[in-house]
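Descriptive analysis of the structure
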Amino acid sequence: MTRIDETKSPLNAPSGGQKRQNEANEAEQIALPFAHRPRFGRSDFVAAPSNAAARAWVLDAEAAARWPEGRMALWGESGTGKTHLLSIWGGRYGAPIMEGSRLNTHEAAMLFEDGGFRAAALDNADKVPNERDLLHLINLARERRVALLMAARRPPARWPVVLPDLASRLRATASVPLGPAEEGLLHRLLLRLLAERQIVVGAQVTEWLLRRLPRRASAVRDCVAMLDQAALESGGRITRALAANVLENLLAREE
């Protein structure tokens, strides 16, 4: 008796519609959402004239001892390197880095009780939901003689606060800006971010992009993230056509 291989039986063969669907599924490229972790080491920071003053006030080994009231605030637009400088400084002093949008009095007090550290950092300090929490943190740092480095979009004197005591503390806080990125900084930043994500892009494509990107570090950062996603979805190399499509989407999103 001849044995029937059921796997090859016409009864088990996919229909024409199902076969076409299977082929389409096989052909479709799926972009897996790999988490990207930016590198915040000292050697990864792109130095330029626009951030020279901030580097002098933060990265110099003795700078914190010269801060009035023991506080300093970095300010500038998104992508200028504020968080990066906070991370470098925090690593040097073993300082905890708190997120302003999640700051609360109880957790800050517990942190200071358990920490034993001599420095602390607060990112997005102008986004603290409750003004009293920020005032309490500043007072705690002052009482414990803990150096406090903060970062925000605007200088402390321009943060929209109501509490008179907090407004007074912020006016007494020294601040240093990180200015808009120069052309050389944008170029080096683009190359560093591409290398960080292990994206290979030809020199002609990068030069083409640089001539057309908005002149902001945040736009360069967003462009690289979108290039990475587009390359994953297409499954191919980054051509000028793909870069042009990414640029068009970036500009449309900004508008």
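I will try to describe carefully the structure that is included in this document. Just so it is clear, the model here is predicted, and its values are computed rather than measured.

Reading the values: rules and limits
- Residues numbered from 1 in each chain as written.
- Predicted model: local features only at pLDDT ≥ 70, side-chain atom pairs only at ≥ 80, totals over all residues.
- Heavy atoms only, no water.
- Pairing = 2+ DSSP bridges.
- Helix = DSSP H or I, 4+ residues; strand = E, 2+ residues; numbered from the N terminus.
- Axes fitted to C-alpha atoms, helices over the stretch in contact; angles between N-to-C directions.
- Contact = heavy atoms within 4.5 Å.
- Phe/Tyr/Trp six-rings, centres within 6.5 Å; stacked < 30°, edge-to-face > 60°.
- Lys NZ or Arg CZ within 6 Å of the ring centre and 35° of its normal.
- Polar contact = N/O pair within 3.5 Å; in protein donor to acceptor, adjacent residues only side chain to side chain.
- Core = buried A, V, L, I, M, F, W, Y, C linked by side-chain atoms within 4.5 Å.
- Buried < 20%, exposed > 50% of the residue type's maximum accessible area, 1.4 Å probe, protein only.

So, on to the sheet that holds strand E1 (residues 71–75). Ordered in space as E2-E3-E4-E1-E5, the five strands form an open sheet in which the pairing is parallel. With one partner strand each, in any of the chains shown, strand E2 (97–99) and strand E5 (174–177) form the two edges of the open sheet. Averaged over all pairs of adjacent strands, the angle between their axes in this sheet comes to 20 degrees, without regard to strand direction. Taken together, the three bridges between E2 and strand E3 (residues 119–123) define a ladder with parallel strand orientation. By the bridge assignment, Met98 is partnered in E3 with Leu122. The strands touched by helix H5 (residues 131–143) within the sheet are E1, E2, E3 and strand E4 (147–152), with E4 carrying the most contacts at an inclination of about 150 degrees.

Each aromatic ring pair is specified by the distance between its two centres and by the angle formed by the two planes. Tallied over the full model, the rule gives three aromatic pairs. Arranged with centres 5.4 Å apart and planes meeting at 70 degrees, the rings of Phe112 and Phe117 form a pair that is edge-to-face. Clustering of aromatic rings is evident, with ring pairs tying together Trp67, Trp89 and Tyr93. Cation over ring: Arg66 sits above Trp57, and NZ or CZ is 5.7 Å from the ring centre.

All right, on to the side chain of Thr80 then. You can see Thr80 is positioned in the loop between E1 and helix H3 (82–93). In this structure the side chain of Thr80 is engaged in a polar contact, spanning 2.8 Å, whose partner is the backbone oxygen of Glu77. When residues no more than four places from it in sequence are discounted, the contact partners of Thr80 are Leu178, Gly179 and Ala217.

Counting 30 residues, the largest nonpolar core has Leu209 and Leu227 as its most contacted members. Taken together, the elements giving at least two residues each to this core come down to helix H7 (183–196), helix H8 (203–212), helix H9 (217–234) and helix H10 (240–254). Top element by residues in this core is H9. It accounts for eight residues. Discounting residues that sit within four places of it in the chain, Leu227 has contacts with Leu194, Leu209, Ile238, Leu242, Ala243 and Val246. The next biggest cluster of nonpolar side chains, apart from the first, holds 23 residues, and it includes Leu148, Ala152, Leu166 and Leu170.

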